[in-house]
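Reading the structure
Here's the letter readout for the chains.
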Amino acid sequence: MAPGSTLELVRQRLAAARNIMVLTGAGISADSGVPTFRGADGFWRQYRAEDLATPDAFARDPKLVWEWYNWRRELLAMKQPNAAHLGIVELERRSPTFWLITQNVDGLHRDAGSRNLSEIHGNIWKVRCTGCHAVDENRDVPISILPSCLQCGSLLRPHIVWFGESLLAEDLQQCSTVLRSCDLLLVIGTSGVVYPAAGFASVAKDAGAFVAEINLDPTPQSSLVDVSLQGRAKDLVPLLLDPT
Ligand code: BV8
Ligand code: ZN
């Protein structure tokens, strides 16, 4: 099928869908100038995930881990949502049962206006106390290293799900509910290698949803989705919304 017709097919399905769900990864923020994880300019280039985004790394060297997050916070502080984030807000406005699951911790979906969302890997602008477990928003740039809890004085950590840590139970429950009830899932800008999110497309597919993928490249999910649209999210998402 010519690219235009696959775009038309997804647009029609989107217009007819009752329960729309979107799953996003770092690729949707790439168009806002945020480095992806595994791409050429990925965050992981300078660092190795297992050295930093793990509880062991934080226990071993909390200063190094906070310096890495501080560097990312400084980078993200100047970034804005792009047309793809805004298109997803428009989808939420059009569909009362809409839900967004994002793997991104950059907060750009919230900044764009998304409210029906699960930030399943956490949010870089939130901190959690290692003592009393209080979770607070903290937008200090730079953040003091090492930050301590105002309530109990214990060390704060990023409120982010690290490798080897389980996702929050309520997020997993919400994902399971929406994946089983959606009739259309859009998977945007994820390499599909990190679990459990990497398994979400097949859960929706098994539940009978129409699944479309937007990515620059083929991914491990490309063989199971109904349509793969190759291109930049900031270009393709607005085209899917255009009623003409
Ligand atoms: C858990 C926070 C269990 C850190 C992150 C099964 C097999 C093997 C391993 C596992 C498994 N199950 C669990 C694991 C372990 C691990 C895992 O999956 N490892 C992988 C590497 C194999 N999973 C976990 O540890 C998870 N926990 O399963 O717990 C458990 C149960 C009980 C008790 C204990 C444990 C936790 C996973 C969360 C890890 N945290 N982030 C931080 O960010 O600081 S993951 C990290 O990767 C980011 O959150 C990111 O969102 C995520 C996924 O990456 P992507 O978003 O896909 O980004 P990526 O750069 O990879 O790809 C970008 C894509 O965009 C590319 O495809 C590119 O082509 C495309 N693109 C680029 N530009 C554009 C574009 N597309 C469109 N337009 C563009 N302009
Ligand atoms: Zn505390």
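Refer to the structure above for everything that follows.
Rules used throughout
Residues numbered from 1 in each chain as written. Chains lettered and ligands numbered in written order. Predicted model: local features only at pLDDT ≥ 70, side-chain atom pairs only at ≥ 80, totals over all residues. Heavy atoms only, no water. Buried < 20%, exposed > 50% of the residue type's maximum accessible area, 1.4 Å probe, protein only. Helix = DSSP H or I, 4+ residues; strand = E, 2+ residues; numbered from the N terminus. Pairing = 2+ DSSP bridges. Axes fitted to C-alpha atoms, helices over the stretch in contact; angles between N-to-C directions. Contact = heavy atoms within 4.5 Å. Expected span 1.5 Å × (residues − 1). Arc of directions from axis to C-beta.

Quick notes on the pairing of strand β9 (residues 227-230)
Side chains Val227 and Leu229 project from β9 onto a buried face, and the interleaved Ser228 and Gln230 project onto a face without burial. The pairing of strand β8 (residues 210-215) with β9 spans 4 bridges and is parallel. Paired with Ile214 across the strands is Leu229, a residue of β9.

Notes on the sheet that holds strand β5 (residues 135-137)
Remark on secondary structure: sheet strands pair via backbone hydrogen bonds, oriented parallel or antiparallel. An order of β5-β4-β6 is seen for the 3 strands of this open sheet, with the pairing classed as antiparallel. Edge strands, defined here as strands with exactly one partner in the open sheet, are β5 and β6 (156-160). Between one strand and the next, the sheet's axes are offset by a mean angle of 45 degrees, whatever the strand orientation. Across 3 bridges, the pairing between strand β4 (residues 122-129) and β5 is antiparallel. Paired with Lys126 across the bridge in β5 is Glu137. Together, β4 and β6 form the strand contacts of helix α6 (residues 62-76), whose direction differs from that of β4 by roughly 140 degrees.

Some details on helix α7 (residues 83-94)
Helix length check: α7 (12 residues) gives 16 Å between terminal C-alpha atoms against 16 Å at 1.5 Å per residue, within 8%. The complete set of buried residues in α7 reads Ala84, His85, Gly87, Ile88, Leu91 and Glu92. Buried residues of α7, viewed axially, fall in a sector of 160 degrees; they line one side.

Here we look at the sheet that holds strand β3 (residues 117-119)
The parallel open sheet is built from 6 strands, whose spatial order is β3-β2-β1-β7-β8-β9. In the strand order of this sheet, the two ends are held by β3 and β9, each with one partner. In this sheet, neighbouring strand axes are inclined to one another by 15 degrees on average, regardless of whether the strands run parallel or antiparallel. Each of β1 (20-24), β2 (99-102), β3 and β7 (184-188) is contacted by helix α9 (residues 169-181), which is oriented at about 130 degrees to β2, the strand it contacts most. Where helix α11 (residues 233-241) meets the sheet, its contacts fall on β7, β8 and β9, and the angle it forms with β8 comes to roughly 145 degrees.

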